[in-house]
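# Architecture at a glance
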Amino acid sequence: MNPATPTGVAVLIAGVNSALLAVLAAVWLRNYREFGSTLLLGLLGFSAVLLVENLVSVVFFFSNMRTLYAMDPLVGRVVLGMSVLELLAVSLLTYATLK
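The rules behind each value
- Residues numbered from 1 in each chain as written.
- Predicted model: local features only at pLDDT ≥ 70, side-chain atom pairs only at ≥ 80, totals over all residues.
- Heavy atoms only, no water.
- Helix = DSSP H or I, 4+ residues; strand = E, 2+ residues; numbered from the N terminus.
- Buried < 20%, exposed > 50% of the residue type's maximum accessible area, 1.4 Å probe, protein only.
- Contact = heavy atoms within 4.5 Å.
- Areas by Shrake-Rupley, 256 points an atom, 1.4 Å probe, with all protein chains shown as cover.
- Polar contact = N/O pair within 3.5 Å; in protein donor to acceptor, adjacent residues only side chain to side chain.
- Core = buried A, V, L, I, M, F, W, Y, C linked by side-chain atoms within 4.5 Å.

Let us now look at the overall build of the chain. The helix and strand tally for the chain stands at 3 helices and 0 strands. Starting at the N terminus and walking to the C terminus, you meet the elements of the chain as α-α-α. Every one of the 99 residues in the chain was classed for burial, and the buried ones make up 29%. Residue pairs in contact within the chain that sit at least 24 positions apart in sequence constitute 64% of those at least 6 positions apart. Of the roughly 6,500 Å² of accessible surface on the chain, 73% is carried by carbon and sulfur atoms.

Here it is in structure tokens:
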């Protein structure tokens, strides 16, 4: 894969996002152990779901490059799955914020 293409850039950004989410999760876990706040627990869940989403997208980019921009039904299912993960993350954050 050529890193100068939009797909290559997307994979690099997903890798950076994964690293940043791992750092955030470590900080929120440390703070949760210290304070036990429900908000921090929600933030941990949020970061975990987004981390999984980013890792799935990286694996998808590497395993299905020929169908990424095609009208393949697999693309629709993967995008739907990633959207559901994002919805789950936002829902966890909303639950923790309102609690």
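Examined against the element boundaries, S47 turns out to sit in helix α2 (residues 38–63). Within the structure, the side chain of S47 is placed 2.9 Å from the backbone oxygen of L44, a separation counted as a polar contact. The residues touching S47, leaving out its near neighbours within four places in the chain, are L21, A25 and W28.

With that settled, consider the side chain of N54. Counting through the fold element by element, N54 comes out in helix α2. Residue N54 is classed as buried on the basis of its relative accessible area, which comes to 12%. Engagement of the side chain of N54 in a polar contact is seen with the backbone oxygen of L50, the distance being 2.8 Å. In this view, N54 contacts A14, N17, S18 and L21; residues no more than four positions away in its chain are not counted.

Soluble globular proteins tend to bury their nonpolar side chains together. Judged by nonpolar contacts, L21, F46, V49, L50 and A89 together constitute the single largest core of 5 residues. The element that contributes the greatest number of residues to this core is α2, accounting for 3 residues. Discounting residues that sit within four places of it in the chain, L50 has contacts with L21, E86 and A89.

Moving on to the environment of L29. Within the fold, L29 resides in helix α1 (residues 6–35). Taking the relative accessible area as the measure of exposure, L29 reaches 32% and is therefore partly exposed. The sequence separation of L29 and L43 amounts to 14 residues, and the corresponding C-alpha distance is 9.0 Å.

Let's shift gears to the environment of L85. Positionally, L85 belongs in helix α3 (residues 73–98). According to the relative accessible area criterion, L85 is partly exposed, its value standing at 23%. Separated by 36 residues in sequence, L85 and V49 have C-alpha atoms that sit 6.3 Å apart. Excluding residues that lie within four positions of it along the chain, L85 makes contacts with V49, V52 and E53.

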